[in-house]
Amino acid sequence: MTRLGMVIDLKKCVSCYGCVASCKVENFTRPDIFWSWIEKEDLPSGWVDDEDVLKSTSFDRVSVPLLCMHCGDPDKGETAPCQDACPTGATQKRDDGIVTIDPTKCIGCKFCMEACPYGARTQNPKDPESYYPEGITEWEQFRKRFPDDDHRRHTPGTVGKCVFCKHRVDDGMDPKCVTNCISNARYFGDINDPDSEVSRLIEEHDGFQLSPEHDTNPAVYYLPPR
Amino acid sequence: MSEPSPSWEPLIDQGDYRFSEIDTEQDEWISTICNGCYAFCGAKVHVVDGTVVSAKGDPYSPNGRGRLCAKGQAILGGLLHCDPYRVTTPLRRTNPKTLHGDPGWEEISWETALDTIETNLRDALPERALMYSVPVTKLCNRYSKSFMAALGARGMNHAGGRYCASAIHTVAGMNSGTWEPRPDYEYADYIIFWGSQHGASAGHCYNSSVRHRQKAWRDGAHVVCIDPVHNMSAEKADEWVPIKPGTDTAFILAMINLYLNEWERYDEGYIREYTNGPYLIRPDGRYVRDAETNKCVVWDTEAGEPKPYDEVSPDDMAIFGDYSLDGTTCKTGLQLIREGVSEYTPELASEECDVPAETVSRIAREFVEHARLGETISIDGHELRHRPATIYYLQGINGHNHGMMGVMGLEILLNILGIRGAVGGMIGSGTQNLSSEAPISPQHQATVHEETGHLAISPPDRGLWPFHEDMYPLETPEEIETYPLSNLPGIAHFPEHMMIGSEDYWGLPECEVVINLGINDIVSYGNTEEYFEIMKEPFTARFAVHLDEAADALADIVLPTTVALESSYNLPWNMQPHAVGTGGFAEPEYGFGVRQPAVEPPGEARPVPEVLLDIVDRVDRIGTNNHAFNEIFGLEAPHRLDPDEKYDWEEMLDMECRSKFGDEYSYDWFKENGPLTWEKEVEEVYWMQFIDHRVSIYFEEFVQIGEELRDLFTSKDIEWDYSDYQGVPQYKECASEHEPDEYEFYLINHRLSFNSGSWTNRIPWIDEINDMDWEAYNVVMHPEAAGRKGISEGDTVVVENPIGNEREGQVTLSEGIRKDCIAAPQAFGRKDRENVDPIGNEKGFRVSDMLMPYHTGPDHWREYTDVYAGTPDMDVKVNVSPGGDSEQ
């Protein structure tokens, strides 16, 4: 079966934050909520098996774009840790591997947030609704037009995260952070198909998953920065 | 050569997303153009029931190719349109001008605002006492230039101009018809980024250049970054060389010395055929000229005598040596360069640059080996010079008080190895129109100057190029009354106060009216108090999207204006000098597109050009305006504007579209269909290999300009420093080397791709990203240096320059910076009145506060400025001490 996944080429990523901004615009997330974000470290130790892949010739720093890892391969019967932690069944895994949250079933218990090793989930606060103290703008008001179970509704109290832009994926498009990546550093496709572009890139360039010690089998792979 | 890898090519068009989950009456994507920087990327804006809800790059635009950077997403994504802090009505000051005081803004009608401007202009126009300020990021040279000409305005200035690479633009324009030395990313094997973050975190046409540079690196090009700070450019490099600030010229001249004297590895054929290296130079630094034809003269080795350059086969030209002409010893240009660089050994460079001598030699060797001297490559049946080693350099070289020396050095370096114009080398952004298929001309028309044989370039669209005149020969400075600064050599980006207070600086009448097109000149200038004292005098009308401290302090009238979502414009990307994403085959197409309003402006806000047209009309200048527009936009009959008719802005844009492409391609056609594109040809991308011409490696014209300036300024009683007007570069220490010892840190500034000027962090999405970023709002310091000063991560520090200016900043520690440097991004530290706009206010460090020439007044500013280009010395020395809330 198809398992949708992403490859992020750390060699090409210039940490321009285009993914972060385009995610906010695409998904109508609230102030200070990021489904896509970047961490820059003077070497993110412990994140990968072989730290040598992150070594530069002189000084070590690498920018790592992050998002929900959509852990677990449905073909192998694997589940995501957030899914296991969810007491109401709000978090589900689709057959194509995308991990979703049904806001109408989410009770805001935050067990999933504790279970996620990547910090990919955030709870929608009641306030602020708007970036501006003056009140909600028409752009922010647009969230309320989505159905209650839509990931772009951001109902206060519920937990949200990246859903690989499933509204786009179901329309035959790639997630916004992929099509908008100015460095062409992001690729999206079927990581269970050995002939897909993403599988070939992982194979050819020693793609790796973050935090393998958690044994979560993420659907997001990174290509080494050097 | 790096093998192109098709699987890494850009995404194709995936279509326009439409909402199926909600009921809509309107759900459409409108084609437009971003205004986040001067790249002007093609974009599409998603409008649903009158609300802009998202944006994306236009896949069919050669600029951006379907992507938008963070700025573009934030500007076009919808929030900026409904920002409650936007100015939506014209305002008039009721309180006197003060710094950070309450202007007592009173809402007035457009009629009253324009009446007031008209009255002031009518009083000032006869004295031509008027000035424009142009924010390059929000608007464009093209129309502001034509309006300036229409009003007879004294001058035009750029808010960011003082941080502009003016010395580079002069040399690159003169020698290569380009705005900057852009690498041929598609074929380059070895690329040095020297004081530049092109394709990493800055650079003209950032959006496209990132894709091109990072593809080149991924495909195997070797990338070296020479920079005091390990910024994004160094992160995306194989090697980081942390050079001491301001010493680059010593490194450059050492490389030339190795090539010309030690190793004798240079492209002799190219030097003979394409440069003035063989030309004979008199002891006074000027060309030997043929008495009859005034042509430059070379030594004919076959005949054993001097002859005009075009009468001797390049193979017979002497490129080195001394020759006696009528008892005077003359030398070839290349001989003077060889002698001039002979003292610059790798050891000397090492001492100056704090880079090991072995590193200097190794990089020089790697570079020349990758340059493949003597090799050619076949592209589409053309056998072309192939030099896949290149250097991209910008402000790190340029931003010093002897910045021109380094620029000259790198131009020599790229030419003695035949890299200029070569496949894989330096191709620039300019192109010569050699294709019969192209519907409109590329950037310039190249001819050859008969007497010197030098490339002579005329930009066809003078509105796009900030050069007022042809790029070669350099204009002789004869007068300073008309445009007091633009006809000085270089582009002379001097700050506004030097033009307003021009009595002190240039002995000219002071300006009485200022029209500011929306720049925060106080943030970009830095010396707030002095600037305020000078700039408060003239009547100031100021366009504004938001109020800011500069509007509050200096404006008499504020005019509410629009952002890209609400305005109209035309963008010939192939002519836009900053749109260097269009250079080379890394982007295989040229194009033309238009910006159109996706939504109505908020309140009474109006686009700048429409208001300027009203102003021009009110002072009876429509005829002049239309003439200027015809010339600057290059309109041809029957699509030239009638001098007696007033057009609205979109009618004028329509005339340009029809003039360039024919009646079928109206402005409305572009609104409906998006950009028009066409393929590049080999003869256009590598045009420098298809035209017989020469360029300067010995800079005789600078010696000439120095002499002419001396005559002019002496007659006007203006003091000037003529010591940098020389034919061969030398390494000269920056002024910062002579500051007292307690100022132990160089303050380095740099750009961040996700910010543009001081205005983009008013958009909450950008402000959030700056908060997320490790350095945006911080001052970067090495942990060892910080430890010595008792400073820890997150501490507030006080940064003080040698003139006693102090400013606080928050420290973040990183080993990715030299121990004798601190670094901060440019253009933060806005300080608006409380509640004017809290987003992004008082965040980050205001680097411009620290720059020296703006604090030293008319008598000393030249000591800290490259007199050639007007660029301030950027490696200012500062003292850093723990600030108020730090633990002592």
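Look above for the structure.
Predicted, not measured: the structure shown is a model, and the values here were computed from it.

### Digging into the overall build of chain A
So, point 1. In terms of regular secondary structure, chain A is built from seven helices and nine strands.
So, point 2. Computed over C-alpha atoms, the radius of gyration of chain A comes to 17 Å, within 12% of the 17 Å expected from 2.2 N^0.38 for 226 residues, which places it in the range of a compact globule.
So, point 3. The principal-axis extent of the C-alpha atoms belonging to chain A is close to 50 × 40 × 35 Å.
So, point 4. Across chain A, contacts joining residues at least 24 apart in sequence account for 64% of those joining residues at least 6 apart.
So, point 5. Accessible surface, chain A as shown: approximately 8300 Å² in total, 45% of it carbon and sulfur.
So, point 6. With 27 positive and 39 negative side-chain charges, chain A shows a separation of 6 Å between the mean positions of the two kinds.

### Quick look at the overall build of chain B
So, point 1. Looking only at helices and strands, chain B features 27 helices and 34 strands.
So, point 2. Within chain B, buried positions represent 70% of all 888 residues.
So, point 3. Taking as baseline every contact in chain B between residues at least 6 positions apart, the subset at least 24 positions apart corresponds to 71%.
So, point 4. Of the roughly 27100 Å² of accessible surface on chain B, a fraction of 42% belongs to carbon and sulfur atoms.

### Considerations on the interface of chain A and chain B
So, point 1. The partner chain B presents 71 residues to the 68 residues of chain A that form the contact.
So, point 2. Carbon and sulfur atoms make up 57% of the area that chain A and chain B hide from each other, which totals about 5700 Å².
So, point 3. Summed over the shared surface of chain A and chain B, the number is four salt bridges.
So, point 4. The interface formed by chain A and chain B includes 23 residue pairs in polar contact (both at pLDDT 80 or more).
So, point 5. The element that contributes the greatest number of residues to the side of chain A that touches chain B is helix H1 (residues 18–27) of chain A, accounting for seven residues.
So, point 6. Considered class by class, the residues forming the side of chain A that touches chain B number 32 nonpolar, 13 polar and 23 charged.

### A look at the nonpolar core
So, point 1. If you look at the biggest cluster of nonpolar residues, it comprises 99 residues, and the most contacted ones within it are Trp194, Phe251, Ile256, Phe367, Leu413 and Ile416 of chain B.
So, point 2. Ranked by residues supplied to this core, first place goes to helix H7 (residues 248–262) of chain B with 10 residues.
So, point 3. Not counting residues within four places of it along the chain, the set of residues in contact with Phe367 of chain B comprises Tyr190, Ile192, Met255, Tyr259, Ala389, Thr390, Ile391, Leu413, Leu414, Leu417 and Ile419 of chain B.
So, point 4. By size, the runner-up hydrophobic cluster in this structure holds 95 residues, among which are Val64 and Met173 of chain A together with Ala55 and Ile75 of chain B.

### Overview of the side chain of Thr100 of chain A
All names here are of chain A.
So, point 1. The topology assignment puts Thr100 in strand E5 (residues 99–101).
So, point 2. Given a relative accessible area of 12%, Thr100 falls into the buried group.
So, point 3. Those residues in contact with Thr100 that lie beyond four places of it in its chain are Ala90, Thr91, Gln92, Arg94, Lys161, Val163 and Lys166.

### Observations concerning the pattern of salt bridges
So, point 1. Applying the stated criterion across every chain yields a total of 69 salt bridges over all chains.
So, point 2. If you follow the salt bridges from partner to partner, you end up with Glu111, Asp115, Glu118, Arg122, Arg618 and Asp620 of chain B in one network.

### Observations concerning the pairing of strand E3 (residues 51–57) of chain B
So, point 1. Within E3 of chain B, seven of the seven residues are buried, leaving the element largely enclosed by the surrounding structure.
So, point 2. Turn length for the strand E2 (residues 42–48) of chain B-E3 of chain B hairpin, with the two strands adjacent in sequence and antiparallel, is two residues, and the turn residue Asp49 of chain B shows positive phi of about 45°.

### Describing the sheet that holds strand E29 (residues 796–800) of chain B
Hydrogen bonds between backbone groups are what pair the strands of a sheet, and the pairing can be parallel or antiparallel.
All names here are of chain B.
So, point 1. Reading around the circumference, E27-E31-E28-E30-E29-E34 is the order of the six strands in this closed barrel, with mixed pairing throughout. If you compare each strand with its neighbour and ignore which way they point, the axes differ by 45° on average.
So, point 2. Inspection of the sheet shows strand E28 (residues 779–781) paired to strand E31 (residues 821–825) by two bridges, in the antiparallel sense. Each residue of the ladder has a partner; that of Val780, found in E31, is Ala823.

### Structural notes on helix H10 (residues 346–353) of chain B
Each full turn of the α-helix corresponds to 3.6 residues, which orients residues three or four apart in the same direction.
Residue and element names in this part refer to chain B.
So, point 1. What H10 keeps buried is the set Pro346, Ala349, Ser350 and Cys353. Seen end-on, H10 carries its buried residues on one side only, within an arc spanning 105°. Structural note: H10 exposes Glu347 and Glu351 on the side pointing more than 90 degrees away from its buried face.
So, point 2. Buried residues along H10 sit against H7 and helix H11 (357–370).
So, point 3. Immediately beyond the C-terminal end of H10, within one or two residues, lies Asp354, with a positive phi of roughly 60°.

### A look at the state of the cysteines
All names here are of chain A.
So, point 1. One pass over the structure, following the stated rule, counts zero disulfides over all chains.
So, point 2. Here Cys82 stays free of any disulfide, with the sulfur of Cys68 as its closest cysteine sulfur at 6.2 Å.
So, point 3. Residue Cys82 is classed as buried on the basis of its relative accessible area, which comes to 7%.
So, point 4. Cys116 takes part in no disulfide bond, and the closest cysteine sulfur to it belongs to Cys82, at a distance of 6.5 Å.
So, point 5. Residue Cys116 is classed as buried on the basis of its relative accessible area, which comes to 15%.

### Details of the packing of H7 of chain B against helix H9 (residues 333–341) of chain B
All names here are of chain B.
So, point 1. With their axes 9 Å apart at the nearest point, H7 and H9 run at an angle of 120° to one another. The angle between H7 and H9 places the two elements in the oblique class. Taken as a pair, H7 and H9 cross one another with a handedness that is left-handed. For the pair formed by H7 and H9, the contact residues are Leu253, Ile256, Asn257, Leu260 and Asn261 on the first element and Leu334, Ile337, Arg338 and Val341 on the second.
So, point 2. For the contact of H7 with H9, the class distribution of residues is six nonpolar, two polar and one charged.

### Quick word on the packing of aromatic side chains
So, point 1. Counted by the stated rule, this structure contains 40 aromatic pairs over all chains.
So, point 2. When the ring of Tyr777 of chain B is compared with that of Phe828 of chain B, the centres are 5.1 Å apart and the planes differ by 70°; the resulting orientation is edge-to-face. With Tyr777 of chain B in the loop between helix H25 (764–772) and E28 and Phe828 of chain B in the loop between E31 and helix H27 (857–860), this residue pair connects regions lying 51 residues apart in the sequence. Phe828 of chain B matches Tyr777 of chain B in its accessibility class, with the two residues each being buried.
So, point 3. Taken together through their ring pairs, the aromatic side chains of Phe28, Trp139, Phe142 and Phe146 of chain A together with Tyr17, Phe19 and Trp765 of chain B make up a single cluster.
So, point 4. When the ring centre of Trp217 of chain B is taken as origin, the NZ or CZ atom of Lys11 of chain A, which lies over that ring, is 4.4 Å away.
So, point 5. It is Arg606 of chain B that lies over the ring of Trp110 of chain B; its NZ or CZ is 5.2 Å from the centre.

What counts, and where the lines are drawn
- Think of each chain on its own: its residues are numbered from 1, step by step along the sequence as written.
- Lettering for chains starts from A, numbering for ligands starts from 1, and both go in the order in which the items are written.
- A pLDDT threshold of at least 70 governs which residues receive local features in this predicted model, and a stricter bar of 80 or more applies before side-chain atom pairs are shown or counted, although totals over entire chains, interfaces and linings include all residues.
- In computing side-chain values, all of the structure's heavy atoms are included and hydrogens and water are not.
- Going along the chain from the N terminus, every DSSP run of H or I of four or more residues is numbered as a helix, and every run of E of two or more is numbered as a strand.
- Here the globule rule is a power law, 2.2 Å times the number of residues to the power 0.38, and the radius of gyration is based on C-alpha atoms.
- Only heavy atoms matter for contacts: two residues are in contact if any of them lie within 4.5 Å across the pair.
- The Shrake-Rupley method, run with a 1.4 Å probe sphere, supplies the accessible areas, and residue values consider only the shown protein chains as cover.
- Working convention for charge: Lys and Arg count positive, Asp and Glu count negative, and His plus the chain ends are omitted.
- Throughout, a charge is located at the NZ atom of Lys, the CZ atom of Arg, the CG atom of Asp or the CD atom of Glu.
- Type-normalised accessible area, obtained with a 1.4 Å probe on protein chains alone, sets the label of each residue: buried when under 20%, exposed when over 50%, and partly exposed for intermediate values.
- By convention, the term buried area covers the 1.4 Å-probe accessible surface removed from two parts as they join, with the contributions of both added.
- Think of a salt bridge as a Lys or Arg side-chain nitrogen and an Asp or Glu carboxyl oxygen that are within 4 Å of each other.
- What qualifies as a polar contact is a pair of N or O atoms within 3.5 Å, subject to a donor-acceptor requirement within protein and to the restriction that residues adjacent in sequence count only when both atoms come from side chains.
- Gly is put with the polar residues, along with every residue not named as nonpolar or charged; the nonpolar set is Ala, Val, Leu, Ile, Met, Phe, Trp, Tyr, Cys and Pro, and the charged set is Asp, Glu, Lys and Arg.
- Buried Ala, Val, Leu, Ile, Met, Phe, Trp, Tyr and Cys residues that are joined via side-chain atoms within 4.5 Å together make up what is termed a nonpolar core.
- Strands are treated as partners if at least two bridges between them are detected by DSSP.
- Axis lines are fitted to C-alpha atoms, over the contacting stretch for helices. Their N-to-C directions set the angle, which ranges from 0 to 180 degrees.
- Each direction from the helix axis to a C-beta atom contributes to the arc, which is the arc of those directions.
- Criterion for a disulfide: a pair of cysteine sulfur atoms at a distance within 2.5 Å.
- By definition in this entry, angles of less than 35 degrees are roughly parallel, angles greater than 145 are roughly antiparallel, angles of 65 to 115 are roughly perpendicular, and the rest are oblique.
- The crossing is said to be left-handed when, going from far helix to near helix, the turn is anticlockwise and less than a right angle, and right-handed when the turn is clockwise.
- Stacked, tilted and edge-to-face pairs are distinguished by plane angle, under 30 degrees for stacked and over 60 for edge-to-face with tilted covering the rest, among Phe, Tyr and Trp rings (Trp via its six-membered ring) whose centres lie within 6.5 Å.
- Comment: the charge-over-ring label is applied if NZ (Lys) or CZ (Arg) is within 6 Å of the ring centre and within 35 degrees of the ring normal.

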